[in-house]
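# Reading the structure
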Amino acid sequence: MSSSDAEQAVLYNIANATVREYPFPHFYVENVFPAAYYDELLRKLPATSVYKRLDETGTVPKGAYPDRYICDLEDAEQDEFENGRGDFWERFHGWMSGEQFARLVMYKFRHGIAQRFGDDVEVRISTDCRLVRDFTHYAISPHTDTPRKIVSLLFYLPADDRFRHLGTSLYVARDPARRCEGQGHHPFEEFLKVATAEFRPNSLLAFAKNDMAFHGVEPIQDPGIERNLLLYNIYADKVVPKPGRQVPADWSVHPAPGWPWRIAAE
């Protein structure tokens, strides 16, 4: 199957997914890629030697999350090229990092984004996309992600249904007044688990970040686990508000290389 056919199928499935608003805007889709394309994607996953341990990327402190490994799609492309394995990741990266895909995802969560930023503002956005490989003992406690995050998509990439329970969970704080802009992770016992998006083959969990978007992964106890995902994120690089409105400084300090997204009242 061509990349363009796969792209259209993914766009269709995301565009027609039902957004659930509680505890924060999110949706879950099964069979997000065409079956043949998903099988090819699994076959093309790089060896673990191509991945870097998360704490070696400079995004978290040394020693944090030792059971999580990251592979940027540029590294997957390079590995594929050097080993004569074709150009699957180059073609995949081409459409997944494109403006059409980002705009669809932003539009899907337009109401939640407008609630967060306000109406009639322009947001300059950028994206990243990377492969993730978690192993036994990985866990991440409830958090809401960096303040720059707007939307996250988690494409689950298991080979079968055996480990459905290893999906990402959604939480609400036991203290209903609790909020978090994203600068910390919090103890599991301070939250109630609302739902877990099952870690099923070819499924997708997507959600919009806000200060109540608590999510996490409970400790993986099963032996011999290799948990594969593809993470796609949209970030706010610059927010241009209406006259008289202010936004946090850390959303405005970047040179705004990304695409503008206009939030307007409907």
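Just so it is clear, the structure is predicted and the values come from calculations on it, not from any experiment.

### Some words on the confidence of the model for the chain
Per-residue pLDDT for the chain averages 91, and the proportion of residues at 70 or more is 90%. Scored below 50 in pLDDT, residues 252–257 shows eleven contacts in the model against residues more than four places distant or in partner chains.

### Remarks on the sheet that holds strand S7 (residues 169–173)
Read across the open sheet, the four strands follow the order S5-S10-S7-S8; overall the sheet is antiparallel. Edge positions in the sheet fall to strand S5 (140–143) and strand S8 (191–196), since each of these pairs with one other strand and no more. Between one strand axis and the next, the sheet turns by 30° as a mean value, whatever way the strands run. As judged from the five bridges shared by S7 and S8, these two strands associate in the antiparallel manner. Each bridged residue has a counterpart across the sheet, and for Ser169 the counterpart in S8 is Thr196.

### Some words on the nonpolar core
One finds Phe33, Phe92, Phe101, Leu131, Ile150, Leu153 and Phe155 to be the most contacted residues of the largest nonpolar core, which totals 50 residues. What Phe33 contacts, discounting residues up to four positions off in sequence, is Val10, Tyr38, Leu41, Phe92, Trp95, Phe155 and Asn202. Grouped together as the second largest cluster of nonpolar side chains are 22 residues, Ala64, Tyr138, Leu229 and Leu231 included.

### Structural notes on the pairing of strand S4 (residues 121–135)
In this sheet, S4 lies alongside strand S3 (residues 68–72) in antiparallel orientation, the contact comprising five bridges. Residue pairing in the sheet places Ile70 in a bridge with Val132 of S4. Across 14 bridges, the pairing between S4 and strand S11 (residues 226–240) is antiparallel. By the bridge assignment for S11, Phe135 is matched with Glu226.

Quick notes on the rules
Residues numbered from 1 in each chain as written. Predicted model: local features only at pLDDT ≥ 70, side-chain atom pairs only at ≥ 80, totals over all residues. Heavy atoms only, no water. pLDDT = per-residue confidence, 0-100. Contact = heavy atoms within 4.5 Å. Pairing = 2+ DSSP bridges. Helix = DSSP H or I, 4+ residues; strand = E, 2+ residues; numbered from the N terminus. Axes fitted to C-alpha atoms, helices over the stretch in contact; angles between N-to-C directions. Core = buried A, V, L, I, M, F, W, Y, C linked by side-chain atoms within 4.5 Å. Buried < 20%, exposed > 50% of the residue type's maximum accessible area, 1.4 Å probe, protein only.

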